[in-house]
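# Observations on the model geometry
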Amino acid sequence: MLNEKIRNIAIIAHVDHGKTTLVDAMFRQSGLFREGQAVDERIMDSMDLERERGITIAAKNCAINWQGVKVNIIDTPGHADFGGEVERALSMADGAILLVDASEGPLPQTRFVLEKTLAAGLRIIVVINKIDRHDARPEAVLDEIYDLFIDLDASDDQLDFPYLYAIGRDGVAQTTPEEKGLNLHPLLDMIVAELPAPAYDPQAPLQMLVSDLGYSDYLGRLAIGKVANGRARHKDRLVCLGADATQRPLKVSRLQVYEGLSLKEVATAEAGDIIVLSGIEDVAIGDTIATREAPRALKRIRVDEPTVAMRFTINTSPLAGREGRHVQSGRIRERLYRETLKNVAIQVEATDNREVFLVKGRGEFQMAILIETMRREGFELSVGRPEVIYKYADGQKREPMEKLFIDCDENFLGIVTEKLSARKGQMTSMTNHGSGRVRMIFSIPSRALIGYRDEFLTDTKGTGIMNAYFAGYDAYRGDFPIRFTGSIVADRRGTAVAYALFNLEPRGQLFIEPGDPVYEGLIFGEHNRATDINANPCKEKKLTNMRAAGRDENVILSPVKPMTLERALHFIREDEMVEVTPRSIRLRKGVLSASERHRLRNRQ
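In this report, we go over the structure that sits alongside the text. (Residues numbered from 1 in each chain as written. Predicted model: local features only at pLDDT ≥ 70, side-chain atom pairs only at ≥ 80, totals over all residues. Heavy atoms only, no water.)

### Thoughts on the sheet that holds strand E11 (residues 237–241)
Spatial ordering of the open sheet is given by E12-E11-E17-E8-E9-E16-E13-E14, a layout of eight strands whose pairing is antiparallel. Looking at the sheet topology across the chains shown, the edges are occupied by strand E12 (247–251) and strand E14 (262–265). The average angle at which neighbouring strand axes cross in this sheet is 40°, direction not considered. Note: E11 against E12, five bridges, orientation antiparallel. Bridge pairing in E12 places cysteine 240 opposite arginine 248. (Pairing = 2+ DSSP bridges. Helix = DSSP H or I, 4+ residues; strand = E, 2+ residues; numbered from the N terminus. Axes fitted to C-alpha atoms, helices over the stretch in contact; angles between N-to-C directions.)

### Topic: a negative patch on the surface
Among the surface-exposed residues, Glu139, Asp143, Asp147, Glu178 and Glu179 lie close enough to one another that they form a single negatively charged patch. Structurally, the position occupied by glutamate 178 is in the loop between strand E7 (172–174) and helix H7 (185–194). (Patch = residues over 30% accessible without salt bridge, like charges linked within 9 Å, V, L, I, M, F, W, Y side chains within 5 Å. Areas by Shrake-Rupley, 256 points an atom, 1.4 Å probe, with all protein chains shown as cover. Salt bridge = Lys/Arg side-chain N within 4 Å of Asp/Glu carboxyl O. Lys, Arg positive; Asp, Glu negative; His and termini not counted. Charge placed at Lys NZ, Arg CZ, Asp CG, Glu CD.)

### Concerning the packing of aromatic side chains
Two aromatic rings are characterised by how far apart their centres lie and by the angle between their planes. Evaluated as defined, the whole model comprises eight aromatic pairs. Aromatic pair tyrosine 163 and tyrosine 165: ring centres 6.0 Å apart, planes at 85°, arrangement edge-to-face. An aromatic cluster of at least three residues, connected via ring pairs, comprises Tyr146, Phe149, Phe161, Tyr163 and Tyr165. Over the ring of tyrosine 473 we find lysine 391, and its NZ or CZ is 4.5 Å from the ring centre. Here arginine 483 stacks its cationic end above the ring of phenylalanine 571, 3.9 Å away from the centre of that ring. (Phe/Tyr/Trp six-rings, centres within 6.5 Å; stacked < 30°, edge-to-face > 60°. Lys NZ or Arg CZ within 6 Å of the ring centre and 35° of its normal.)

### Observations regarding the nonpolar core
Counting residues in hydrophobic clusters, the biggest one holds 37 residues, and the most contacted among them are Leu98, Leu114, Ile124, Val126, Ile128, Ile145 and Phe149. If one sorts the elements of this core by residue count, helix H5 (residues 138–151) sits on top with five residues. Contact partners of isoleucine 145, with chain neighbours within four places excluded, come to Leu98, Val100, Pro106, Val126, Ile128 and Phe161. Within the second largest apolar cluster, 30 residues are counted, among which are Met310, Ala568, Val580 and Leu587. (Core = buried A, V, L, I, M, F, W, Y, C linked by side-chain atoms within 4.5 Å. Buried < 20%, exposed > 50% of the residue type's maximum accessible area, 1.4 Å probe, protein only. Contact = heavy atoms within 4.5 Å.)

Encoded structure:
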């Protein structure tokens, strides 16, 4: 049977194609806000990091009512590094809205999220957004979308998708690019008419798949998911079925459903609705909540394997413990394992050293977001360079590969292909539309892209566009240099002095300013040559009576570019680490002592 009173939809798209802005407009036009009410933009981006970066990181739920039908909306991330969030969100949806930019067309992450949606068998509405752009090409983009559906082996029913044109920022949807739309009513009507209502078995007992977790100071752990069959009731005595089929009893202490952006407490919830249930602490994403009389597990959420690993450890520098509240390895371990409960794409493994943890995920950007979140929570830690996860099959070493899309000015074609070829990239196609820009597609190892984005933006003077998605494992393509420059390493503890830094500037680019604390093993600059050098950034000018007082004192240093977390992760080599605290990001050697590093080099 179908519950016609409900629609569960996921909104999927590439990064910055307008998902969250469109959801804002749907809220406003569905009557969720009273007239004249002050509302922030991108209200679904509730995390500080999401607002700062302008991207969606975590999938979030909300609900609107349209023509008597409740529409549960799941806003999903558009970045492949957060693919686990997409897979988790799709487990609650019965249909999806695919949003595509009218100028850029389908991009790599469009392909990634669409492939997951088609594999889940969901019905799709296509919305070609931003048709008011001066370079919009809606008809050509529609053809590209059809090509993408065919390329991804969409079924005949999925290929016969309805589509609309929209200007999400203005809250307008229309059936043709030429007409003048008035509102989003055509889209809301299409959701109700074209996307299927949730199906359920009227004879089956309660079954609910846990697709998300939350936490409340008053209620404890919250389990979020769609009721697949049966009814959920307040104060029901149920069981939670884990991955090992063990049954953990629970009593529903509170039952809530989404209403707008907030939650509303209810006594019962029907099949097909997305609910928030409290009453159990030991629950994981993928578990099934069922009745005690007929406990039947649903198919668990499966996500792609991680391709990148990083080492997290306590901060062991001489400056440890000065800026962070949480510095102990136990606190870091607890925080990392708590992340695995909410994020199905993250895995944490113990190592031989009890103070070092191996964290595996989808990509360096996902890792950077996790580290940035932890430092804002008051954690102080050190992390190593992101490394790809290799596999071995039939005695052959295999590595993760990416399909890389480059869009740049044709003047930069030479430098881009030269850099990517050196990193074992293989060009598979190149298109020149005659507009002065070229589009290239490369097959390239994932490890080659770690740290390349900054270099690419420098080479293309900030005008290049680079996107990639995971394309499976292939034979190892051989070694290549990660960095052609060395590090300038401090040889003692102290405070940086302008006189010393001024005399070291010819050696390379510096990362610190006068007055910054330094210690032996701290990396405070990038050496012009491939070798590392040890230097003294604390050296002061010798004062004698041979000089007039005040002369040569006015040293003018080159401005220092602030060190960001992503830049630090891209810069470091295998023997280097990033020291992360709530207030500082420093680069350091894994082994701080210069004599110990020298001894280790001689052993190799």
